[in-house]
Amino acid sequence: MAAAAAEQSVEQFKGKARLPNFATPRRYDLRLTPDLEACVFSGSVAVSLDVTAPTRFLVLNAAELDVAPGAVSFAPQGSDKVLEPAEVTNVPGDEILIIRFNEVLPLGEGTLSIAFKGTLNDKMHGFYRSVYELNGEKKNMAVTQFEPADARRCFPCWDEPSFKAVFKITLEVPSEIVALSNMPVVEEKVNGPTKVVYFQESPIMSTYLVAVIVGFFDYVEAFTTDGTRVRVYTQVGKSAQGKFALEVAVKTLVLFKEYFAVPYPLPKMDMIAIPDFASGAMENYGLVTYRETALLFDEKHSAAANKQRVAVVVAHELAHQWFGNLVTMEWWTHLWLNEGFATWVSYLAADQFFPEWNVWTQFLEESTTGFKLDALEGSHPIEVDINHVDEIDEIFDAISYRKGASVIRMLQSYLGAEIFQKSLAAYIKKFAYSNAKTEDLWAALEEGSGEPVRTLMHSWTKQQGYPVINVELKDGKLQLEQTQFLSSGSTGVGQWVVPITLCCCSYSRQEKFLFQGKQEEFNLSGLIECQKKDDFWIKLNVNQTSFYRVSYDEELASRVLDDTYALCMAGKQKLVSLLHLIAAYKDETEYTVLARVIDTSLNIVEMMAVAAPEELVNLKKFLIVFLEPFAEKIGWDAKSGEGHLNALLRGTLFTALAELGHEATINEAVRRFNVFLEDRETPLLPPDVRKAAYVALMQTVNKSNKAGYESLLKIYRESDLSQEKVRSLGSCPDPDVVREVLDFMFSPEVRNQDSIWVLRGVGAAGYEVAWEWLKENWDHISATISGTLLTYFVSITVSALATDEKGDDAEEFFKSRTKANIARTVKQSIERVRINAKWVKSIKSEAELGNVLKEHAVKL
Ligand code: BES
Ligand code: ZN
């Protein structure tokens, strides 16, 4: 059996999802020399490894690296011999390097040495360059982004999360520059214009968490109570913008140390803002990288929403230092463990530090987004098979993050906070410096709670979708029935073990039980008593902690907007009843609830624009009449001492009114904007309403009058705060201008990372233009954009289309252009178009719509 590996030929290693494991790395001694001007790098790596079965081969990952055949050798430990390979084969499709020796390698330790060269690319993955300005001069910095599988683009390695090893990193860089890595510097040797920086050896960790950064930066610094050094690095001259994140980080490290009952394992934590960054942030061990908008906070120019984003992202990435970095998923199938958990626990932290933000109520937006994706036939189970490296990027999606976080929340609230935390701490302790699967977490929670966690959770993580629970009362008994919810309106065959929480007539007593059949009857004693009351009510899914929808019978008519919206879209309820429901929120005071109402309203506007453009004016009028009183109450100017949620609401409200074309809002916005244009420090346009003002301004723009757009370009060009730039990338009701904005988005003036903001802002008027534009520019887009960013281009543009013709068009277009890295997204987006189209048809058939709109606008 052991001889098998020795007999194999090069061919047998090709086309495999995972690397063979007859040799495993223990320690990497890695040296890198980036050339920031020529945008290339050279490097050498000495990997100490264990040969565990006889083999003539070593197989590891490498991609886009130049490895000369003479640059590879293997030295078995304890012998003087250095083995030269007979053949080094690079397989680009599999991103592997197959090294064949003439003799069988001795079992036990040995060192594989490889010298290599590469390019500092501009694709925001692997070892790449980001561009910034220093003293008015353009400069390159060198940055790494390795998750999920791009360490192999920087150095040859066993680039899978389960091959954990120790890293000893050395950098050779210009002597005056800042060089950072996961661990602190142990020594610097300056030699004229260059220096060699030696970093301390790391604990064992996965390759995707290795990081290196070289550039000019400033920083602010603080220490945790137990002495961990924390720094936030920013562009030179902007370190004050790092203060808020620094404060949050220090508190978060202390909180998580307690929550996971294990200290933060590294001696330092550096966090750094990178001007060109593919995602929001990346949890590299001890050196977390961020997009500027997710780390920097400017007291004068950042909004409340920006502040919350920074706090949540920092908490999320620091959670990974334990959940992900210390205990790592065994394979990408379990990615959701990382991302779902970090998402959930970031809310826990934010709620501790900023209780007035009501983040758990805001969490609803996470589950709503999860619900939307998971209602497609093209969704996927939380635990998803990964058979090729190109499939990994696409699963950093709403299923892994949002459904993942939601099912964790559901379980936590079912088991109870204390038991949940204790079992979790036991899990972290057991798997520290090692890898775990989803099963392992369930086992720990089952042991800690005595509840059937495995059976319960398998139904949520191994099958896609979720149930809608039908509730009926019959003869004093509660009848529940579950069916899989699908946006298409058809019924799926899924069945779940559903933790039910229930209150009737009072929130002071909660019933809790598992519902696992297709249909079950429950005899609840409390129910019989309180049913006698006149104002009897019943609520399932108390606090919305569970991942299912509820459909009550007539008698229990629901007030839950999001469920109604979804049911409406699936053709199970009429749009008219959704509009009635919206109108019923006219006295709502909660920011989160109103934000959902507004979001839903704008979605309806988008559909109506296709379904019944002649009703659009009335729909907008109806929504304006509904929103106006809120806007009047809250006003454009912040009241002294008002809360965070008020500030969020103000921005959301005025942005919506601007999008709806509300004249008073637009006039006031333009008035304030003109003052702002002359004086960027004016109190008339505080950051919370700037986005609203920009959207309003773009409503005044058309082909023959582009003054507003030009003013916005001026703001864009003059601001050096990313949050400000991103806000000002707005759109317009005039399709010709939309096209111009899209072209600007792809000009050298806009960083690739920011381009999706333009697409997101396109709005109902621009989606068809955006789709035509995407088709025309696809070759360029797919050549320059990669990873999750590319999937956003597809999903944002295609999912917004709403006719069958467009659906056919998209299908035809992607037939010959779909690759493994976008396949899932293309399929899901087209499914959405079909669902939209169906909804559009049903809206068209609602004859009474027009009258209802008019009636309501008057009554409101
Ligand atoms: N591990 C991810 C970063 C990542 C995303 C790597 C996609 C590779 C592909 C990181 O922890 C993360 O989740 N970042 C989020 C922000 C978070 C607050 C939800 C992001 O980038 O959006
Ligand atoms: Zn994450």
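- As recorded by an unreviewed UniProt entry, the protein carries the name Aminopeptidase and is attributed to Eragrostis curvula.
- Within the UniProt record for the protein, the comment given under Sequence similarities (unreviewed entry) is "Belongs to the peptidase M1 family."
- What the UniProt record of the protein gives under Catalytic activity (unreviewed entry) is the line "Release of an N-terminal amino acid, Xaa-|-Yaa- from a peptide, amide or arylamide. Xaa is preferably Ala, but may be most amino acids including Pro (slow action). When a terminal hydrophobic residue is followed by a prolyl residue, the two may be released as an intact Xaa-Pro dipeptide."

1. A short note on the pairing of strand β15 (residues 218–223)
Moving on, step 1. Here 6 bridges tie β15 to strand β16 (residues 229–234), and the two strands are oriented antiparallel to one another. What sits directly across from phenylalanine 223, in β16, is arginine 229.
Moving on, step 2. Hairpin connection between β15 and β16: a loop of 5 residues separates the two successive antiparallel strands, and glycine 227 in this loop has a positive phi of roughly 90°.

2. Quick notes on the site of ligand 1
Moving on, step 1. Glu147, Gly280, Glu283, Glu317 and Tyr401 are the nearest of the 14 residues found near ligand 1.
Moving on, step 2. Summarising the interface, the protein chains cover 87% of the accessible area of ligand 1, which totals 510 Å² for the free molecule.
Moving on, step 3. The set of elements that each furnish at least two residues to the shell around ligand 1 consists of β18 (281–282) and α3 (304–322).
Moving on, step 4. Classifying every residue of the shell around ligand 1 by side-chain character gives 5 nonpolar, 5 polar and 4 charged.

3. Overview of the coordination of the zinc ion (ligand 2)
Moving on, step 1. For the zinc ion (ligand 2), every protein donor is listed as His316 (NE2), His320 (NE2) and Glu339 (OE), and the spread of their distances is 1.9 to 2.1 Å.
Moving on, step 2. Binding-site remark: the zinc ion (ligand 2) is held by donors from one chain whose sequence spacing is H-x3-H-x18-E. Taken as a pair, histidine 316 and histidine 320 lie in helix α3 at a separation of 4 residues, close to a single helical turn. Across this residue pair, the class does not change: histidine 316 and histidine 320 are buried.

4. Description of the side chain of arginine 549
Moving on, step 1. Examined against the element boundaries, arginine 549 turns out to sit in strand β28 (residues 549–552).
Moving on, step 2. The class of arginine 549 is buried, set by a relative accessible area of 3%.
Moving on, step 3. In terms of polar contacts, arginine 549 uses its side chain to reach the side chain of aspartate 562, at 3.2 Å.
Moving on, step 4. Sequence-distant contacts of arginine 549, that is, excluding residues within four places in its chain, are made with Phe371, Tyr466, Pro467, Val468, Ile469, Phe485, Asp562, Asp563 and Ala566.

5. Description of the sheet that holds strand β22 (residues 467–474)
Moving on, step 1. Taken in spatial order, the 4 strands make up an open sheet running β26-β23-β22-β28, and their pairing is mixed. Strand pairing shows two members of the sheet lacking a second neighbour, β26 (519–522) and β28, which therefore form its edges. The sheet shows a mean angle of 25° between the axes of neighbouring strands, taken without regard to direction.
Moving on, step 2. By the bridge criterion, 8 bridges tie β22 to strand β23 (residues 477–484) in an arrangement that is antiparallel.

6. Focus: the pattern of salt bridges
Moving on, step 1. For the structure shown, the criterion picks out 55 salt bridges.
Moving on, step 2. Glutamate 724 is the partner of arginine 690 in a salt bridge, and the nearest nitrogen-oxygen pair spans 2.7 Å. Taken as a pair, arginine 690 in helix α18 (residues 687–699) and glutamate 724 in helix α20 (residues 722–728) lie far apart in primary sequence, 34 residues in all.
Moving on, step 3. Its salt-bridge partner being lysine 775, residue aspartate 809 comes within 2.7 Å of it at the nearest N-O pair. Here the residue aspartate 809 occupies a position in helix α25 (residues 804–815), and lysine 775 occupies one in helix α23 (residues 763–784), the gap between them amounting to 34 residues.
Moving on, step 4. Looking at aspartate 809, the relative accessible area reads 25%, which means it is partly exposed.

Conventions and cut-offs
- Residues numbered from 1 in each chain as written.
- Chains lettered and ligands numbered in written order.
- Predicted model: local features only at pLDDT ≥ 70, side-chain atom pairs only at ≥ 80, totals over all residues.
- Heavy atoms only, no water.
- UniProt positions renumbered as here; feature names shortened; annotations may be inferred.
- Pairing = 2+ DSSP bridges.
- Helix = DSSP H or I, 4+ residues; strand = E, 2+ residues; numbered from the N terminus.
- Near = heavy atom within 4 Å.
- Areas by Shrake-Rupley, 256 points an atom, 1.4 Å probe, with all protein chains shown as cover.
- Nonpolar A, V, L, I, M, F, W, Y, C, P; charged D, E, K, R; others polar.
- Donors = N, O, S within 2.8 Å, 3.2 Å for Na, K, Ca; no water.
- Buried < 20%, exposed > 50% of the residue type's maximum accessible area, 1.4 Å probe, protein only.
- Polar contact = N/O pair within 3.5 Å; in protein donor to acceptor, adjacent residues only side chain to side chain.
- Contact = heavy atoms within 4.5 Å.
- Axes fitted to C-alpha atoms, helices over the stretch in contact; angles between N-to-C directions.
- Salt bridge = Lys/Arg side-chain N within 4 Å of Asp/Glu carboxyl O.

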